[in-house]
Amino acid sequence: MQKSFSMNNIRIIDRYLLYRYLIPFGYCMAAFLLVMLIYDFSINLEDFIDGKVRLDIILEYFIYSLPMKIVEVIPMASLLSVLFSISNLKRHNEILALQASGVSLSRLMIPYLAFGLFLSFFVLAVNETLVP
């Protein structure tokens, strides 16, 4: 008697795939944001020193510029984390095990595509409300 996947098992797979995606996504977001903030600080450092700007004003500048930087970083972080998570699944033969269980490759990509669609709408909303 062959046991087939139920909807509950598919949800477990989706959660597992998203979990394996979100950890590298968080690291990539943090790393890219840090690089962007350091780059912006190094470019504006001379202006800050010449204008004798206080530290609280500098921090406020970076807090207000953070939504724009997040919007710029999300596509890079998303692409890198998808590549990392899929290659990690491939390295540990988890894709092969899921295919042997009857899950197709197109079904495996649904959580990534759904989260990518969510990120697209998130970036659109941030661009329309916070960035201007």
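Residues numbered from 1 in each chain as written. Predicted model: local features only at pLDDT ≥ 70, side-chain atom pairs only at ≥ 80, totals over all residues. Heavy atoms only, no water.

As a further point, take unusual backbone geometry. A positive phi angle, close to 50°, is found at Lys52, a residue other than glycine. Here Lys52 lies in the loop between helix 1 (7-50) and helix 2 (55-91). For Asn93, which is not glycine, the phi torsion reads 60° and is therefore positive. Tracing the backbone through its elements, the reader meets Asn93 in the loop between helix 2 and helix 3 (94-100). (Helix = DSSP H or I, 4+ residues; strand = E, 2+ residues; numbered from the N terminus.)

So, on to helix 5 (residues 110-129). Look at helix 5: 28 Å from first C-alpha to last across 20 residues, which is about the 28 Å you get at 1.5 Å a residue. What helix 5 keeps buried is the set Pro111, Tyr112, Phe115, Leu119, Val123 and Val126. On an axial view of helix 5, the arc spanned by its buried residues comes to 105°, and they lie on one face. Relative to its buried face, helix 5 has exposed residues pointing more than 90 degrees away, namely Leu113, Phe121, Glu128 and Thr129. (Expected span 1.5 Å × (residues − 1). Buried < 20%, exposed > 50% of the residue type's maximum accessible area, 1.4 Å probe, protein only. Arc of directions from axis to C-beta.)

Moving on: the environment of Leu37. Structurally, Leu37 can be placed in helix 1. With relative accessibility at 25%, the residue Leu37 sits in the partly exposed group. Along the chain, Leu37 and Phe62 lie 25 residues apart, while their C-alpha atoms are 7.6 Å from each other. When near neighbours in sequence (up to four residues on either side) are disregarded, Leu37 contacts Phe62, Leu66 and Lys69. (Contact = heavy atoms within 4.5 Å.)

Once that is clear, we can look at the environment of Leu124. Note on placement: Leu124 falls in helix 5. With 74 residues separating them along the chain, Leu124 and Asp50 place their C-alpha atoms 36 Å apart.

Turning to the nonpolar core, a few remarks are in order. A general feature of soluble globular proteins is that nonpolar side chains tend to end up buried together. Membership of the largest hydrophobic core comes to 21 residues, with the highest contact counts inside it found for Leu17, Tyr21, Phe25, Met29, Ala77, Leu108 and Leu119. Listed by contribution, the elements that provide at least two residues to this core are helix 1, helix 2, helix 3 and helix 5. It is helix 1 that provides the largest number of residues to this core, a total of 7 residues. Once you skip the residues sitting within four places of it in the chain, Met29 turns out to touch Ile70, Val73, Ile74 and Ala77. (Core = buried A, V, L, I, M, F, W, Y, C linked by side-chain atoms within 4.5 Å.)

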